[in-house]
Number of protein chains: 2
Amino acid sequence: MEEKEISQAVVSRLPRYFRYLGELRDQGVERISSQELSRLMKVTASQIRQDFNNFGGFGQQGYGYNVEFLYQEIARILGLNDTHHFIIIGAGNLGRALGGYLNFEKRGFLFKGIFDQNPDLVGTRVRGIPVMPMERMESFIRENEIDIAVLTIPKAGAVAVAERLVKNGIKAIWNFAHVDLNLPANIQVENVHLSDSLMKLSYNINRNKEEKDC
Amino acid sequence: MEEKEISQAVVSRLPRYFRYLGELRDQGVERISSQELSRLMKVTASQIRQDFNNFGGFGQQGYGYNVEFLYQEIARILGLNDTHHFIIIGAGNLGRALGGYLNFEKRGFLFKGIFDQNPDLVGTRVRGIPVMPMERMESFIRENEIDIAVLTIPKAGAVAVAERLVKNGIKAIWNFAHVDLNLPANIQVENVHLSDSLMKLSYNINRNKEEKDC
């Protein structure tokens, strides 16, 4: 199937569709209409139809979507049938948490190595894999066909480490460091700025309070 | 200053403005034009002006923005001058990582307690605070004026725990469990679905590869 370039807003919604369809599939549901999916996901049916139209529609008019087919198609579009090898830079609690998620493995993301500059952490294990010193990072990337790096180090060192990663062939960075990386356009970066998310929560608590005070 | 209702898209961008203005301020920069801020942040100057117009503009025509004033205003809008008390449900690596972030404290988010159902974790400490058993959660919320709960437990228990939290007065949930919570509209929920973010990265790697293959 030919796919046109789709917006990052649509891409952002695909994992959620994928999650709901996976649950429906596990429950043995075979078909679902955009109206039912709309009620379940609390988005409009027209939004669902529009989103799916980006990929050729998937649907049979008046007949609903085939859950298994749709699930597999979204998996394919998201590239979840491919295998990716990832390393984690930073073996603090967050790095250890991400290394420990078995769910990532189910989606084709294989945890291959973890690095830290703290000698006390080097040699400790995360899911059986020993933490390596930062000096081993470059050769490890090249020898193990690593395509994704997860950055869970403080902001101060993150930009320099990201440049080293890219120089050694990393294609994508999942960035938890609280800084924008400004890498070449062919390097994919997905930022998870946890403080930003907490501030958004703060705004909404505040706003809700003001409304009640009125 | 009166503020109109602003979109969540604008709210989502405020923490990033806040971060850049904080850095400019730390560097001793007193004024900045929307053009300079645009170059720095890699967003259009017109986007910046539009966003700031939601809050009355902040700017002096042809004179640029006062960095300190803008920084303080955004802090106020985000509610960062208020103090919030938060607890963490789930004392695994992710819960421990979030409990350990001192940055949250600087923004007025005070870490007050952490809970887990695993008896092996109860009594271990996170930033000096002992992990408590789940049975203590309800009374602790009421006795310590807790307004925010951070959910870092697996999806299976998350919905039921969220309902217990809300029943006992929690106003906002920072949800890392991989499930939508469907709580009353006056409860603020901010989801951080880590797998979704990784899938988005996967899509973009895939897309980039296909483009190169063409």
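Before reading further, recall that the structure is shown in the block above.
Rules behind the numbers
Residues numbered from 1 in each chain as written. Chains lettered and ligands numbered in written order. Predicted model: local features only at pLDDT ≥ 70, side-chain atom pairs only at ≥ 80, totals over all residues. Helix = DSSP H or I, 4+ residues; strand = E, 2+ residues; numbered from the N terminus. Buried ≥ 20, exposed ≤ 12 C-beta atoms within 10 Å, placed from the backbone. Pairing = 2+ DSSP bridges. Contact = placed C-beta atoms within 7 Å. Nonpolar A, V, L, I, M, F, W, Y, C, P; charged D, E, K, R; others polar. Least-squares fit on C-alpha atoms with pLDDT ≥ 70 in both. Axes fitted to C-alpha atoms, helices over the stretch in contact; angles between N-to-C directions. Arc of directions from axis to C-beta. Parallel < 35°, antiparallel > 145°, perpendicular 65-115°, else oblique. Left-handed = near helix turned anticlockwise from the far one by under 90°.

Student: Summarise the overall build of chain A; cite the residues concerned and give the values.
Tutor: Looking only at helices and strands, one finds nine helices and nine strands in chain A. Overall, chain A is about 60 × 55 × 35 Å in size when its C-alpha atoms are taken along their principal axes. Counting only residues that meet the buried cut, chain A has 37% of its 214 residues in that class.

Student: Hey, could you go over the pairing of strand β6 (residues 129–133) of chain A for me, with residue numbers and the actual values?
Tutor: Residue and element names in this part refer to chain A. Looking at chain direction, strand β4 (residues 109–116) and β6 are connected through three bridges and run parallel. Of the residues in β6, the one forming a bridge with F115 is M132. Bridge count for strand β5 (residues 125–126) against β6 is two bridges, and the pairing is antiparallel. Bridged to V126 within β6 is I129.

Student: Report on the interface of chain B and chain A, specifying residues and quantitative values.
Tutor: Buried accessible area, meaning the area lost when the parts come together, often serves as the stated size of an interface. Across the boundary between the two partners, chain B contributes 44 residues, which contact 44 residues of chain A. Broken down by secondary-structure element, the contributors of at least two residues to the side of chain B that touches chain A are α1 (8–26), α5 (93–100), α6 (102–106), β8 (172–175), β9 (188–191) and α9 (194–213) of chain B. At 13 residues, the largest contribution of residues to the side of chain B that touches chain A is made by α9(B). Residue composition of the side of chain B that touches chain A, by class: 20 nonpolar, 15 polar and nine charged.

Student: Explain the relation of the copies chain B and chain A to me, using residue names and the numbers behind them.
Tutor: Once chain B has been moved 0.0 Å along the axis and rotated by 180 degrees, it coincides with chain A to within an RMSD of 0.0 Å. Expressed as an axis order, the relation between the two copies is that of a two-fold axis. When the interface residues of chain B are mapped onto chain A, 100% of them are again interface residues, pointing to one common binding face.

Student: So what's going on with the sheet that holds β6(A)? Which residues, and what values?
Tutor: Residues and elements named next belong to chain A. An order of β5-β6-β4-β3-β7-β8-β9 is seen for the seven strands of this open sheet, with the pairing classed as mixed. Each end of this open sheet is capped by a strand with a single partner; those strands are β5 and β9 (188–191). Where strand β3 (residues 84–89) lies against strand β7 (residues 148–151), four bridges are found, and the strand directions are parallel. Within β7, the residue paired with F86 across the bridge is I148. Relative to β7, helix α8 (residues 155–167) is tilted by about 170 degrees, and along the sheet it contacts β3, β7 and β8 (172–175).

Student: Give a detailed account of the sheet that holds strand β7 (residues 148–151) of chain B, specifying residues and quantitative values.
Tutor: Residues and elements named next belong to chain B. With mixed pairing, the seven strands of this open sheet are ordered in space as β5-β6-β4-β3-β7-β8-β9. Two strands in the sheet have a free side with no partner beyond their single neighbour: β5 (125–126) and β9. Relative to strand β4 (residues 109–116), strand β3 (residues 84–89) runs parallel, the two sharing six bridges. When the bridges of β4 are listed, H85 appears paired with L110. Lying over the sheet, helix α8 (residues 155–167) contacts β3, β7 and β8, oriented at roughly 170 degrees with respect to β7.

Student: Quick one: what's the story with the environment of B:A160, residue by residue and with numbers?
Tutor: All names here are of chain B. Position of A160 among the secondary structure elements: in helix α8. Exposure remark for A160: the 9 C-beta atoms within 10 Å place this residue in the exposed category. A sequence separation of 32 residues divides A160 from G128, and the C-alpha atoms of the two residues are 28 Å apart.

Student: How would you summarise helix α3 (residues 45–53) of chain B if you had to cite specific residues and measurements?
Tutor: Residues separated by three or four positions in an α-helix point in the same direction, a consequence of the helix having 3.6 residues per turn. Residues and elements named next belong to chain B. For α3, the full list of buried residues reads I48, D51 and F52. Projected onto a plane normal to the axis of α3, the buried residues spread over an arc of 95 degrees and lie on a single side. Exposed side of α3, more than 90 degrees from the buried face: S46 and Q50 are the residues found there. Lining the buried residues of α3 we find α1 and α2 (34–41).

Student: Break down the packing of helix α5 (residues 93–100) of chain A against α5(B) for me, citing the residues and quoting the values.
Tutor: With their axes 8 Å apart at the nearest point, α5(A) and α5(B) run at an angle of 160 degrees to one another. Judged on the interaxial angle alone, α5(B) and α5(A) are roughly antiparallel. Crossing geometry of α5(A) relative to α5(B) is assigned as left-handed. Together, A:N93, A:L94, A:R96, A:A97 and A:G100 of α5(A) and B:N93, B:L94, B:R96, B:A97 and B:G100 of α5(B) make up the contact between the two elements. When grouped by side-chain class, the residues that make up the contact of α5(A) with α5(B) number four nonpolar, four polar and two charged.

Student: Could you give an account of unusual backbone geometry, naming the residues involved and the relevant values?
Tutor: What is expected of a backbone is that most residues other than glycine have negative phi and most peptide bonds are trans. Located in the positive-phi region is A:R127, a residue other than glycine, with phi close to 45 degrees. Considering the arrangement of structural elements, one finds A:R127 in the loop between β5 and β6.

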